Amino acid sequence: MSYRTITTATMLGTAIAAWACAAPTANAAVTRVGVMPDSNYGLATNYGTDCPATAEAYVNNAAELVSFYDNGVLLGVVRPLGGIALLTWIPKTTGPHTLSAVQAPDVTPIATVDVRVGTGVHVDFACVVFGG
């Protein structure tokens with residue numbers, strides 16, 4: 001192998017490494033937050049105390065962890081499946097709740113959803129919600 005071939009290969013390798021290090025990386029972010037009432041029903045709201053609902057966060061990075069918050073208090077951390085992260089949310093208090101989610105490395109929520117929670121009463125596998 002000639003000196004010229006080794007030098008060319010070394011320069012090419014160095015250029016590729018420099019390009020890879022300088023390439024912009026996509027930030028992970030939650031683009032939308034929602035909540036599904038599952039099997040809950042009420043006249044004023046479908047979300048009740050002690051009644052499970054499903055919080056969902058749509059993300060643009062399927063690999064990074066997603067942290068869910070209820071009124072600023074951490075609910076849990078999950079790994080998204082595809083572009084959606086799901087977490088079972090069981091509210092403990094009535095009144096207004098703001099659900100938010102962030103995806104690492106972000107720490108400030110971009111997307112939130114406001115939900116009113118009433119009093120939940122279990123009936124078989126569902127919940128009937130009063131007030132809200």
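The rules behind the values
Residues numbered from 1 in each chain as written. Predicted model: local features only at pLDDT ≥ 70, side-chain atom pairs only at ≥ 80, totals over all residues. Heavy atoms only, no water. Pairing = 2+ DSSP bridges. Helix = DSSP H or I, 4+ residues; strand = E, 2+ residues; numbered from the N terminus. Axes fitted to C-alpha atoms, helices over the stretch in contact; angles between N-to-C directions. Core = buried A, V, L, I, M, F, W, Y, C linked by side-chain atoms within 4.5 Å. Buried < 20%, exposed > 50% of the residue type's maximum accessible area, 1.4 Å probe, protein only. Contact = heavy atoms within 4.5 Å.

*Asks:* I'd like a description of the sheet that holds strand β1 (residues 30–36), backed by residues and values.
*Replies:* Ordered by their spatial adjacency, 3 strands build an open sheet running β1-β3-β6, and the pairing between neighbours is antiparallel. In this open sheet, the two strands that pair with only one neighbour each are β1 and β6 (84–89). Strand-to-strand twist of the sheet, defined as the mean angle between neighbouring strand axes without regard to direction, takes the value 20 degrees. Where strand β3 (residues 53–59) lies against β6, 6 bridges are found, and the strand directions are antiparallel. Each residue of the ladder has a partner; that of Ala57, found in β6, is Ala85.

*Asks:* Report on the nonpolar core, specifying residues and quantitative values.
*Replies:* Ranked by size, the top nonpolar core spans 20 residues in total, and within it Val30, Val66, Phe68 and Trp89 carry the most contacts. Those elements that provide at least two residues to this core are β1, β3, β4 (66–70), β6, β7 (95–103) and β8 (111–117). Residues within four places of Val30 in sequence aside, it is in contact with Ala57, Tyr58, Val59, Val66, Ala101, Val102, Gln103, Ile110 and Ala111.

Geometry only, nothing functional implied.
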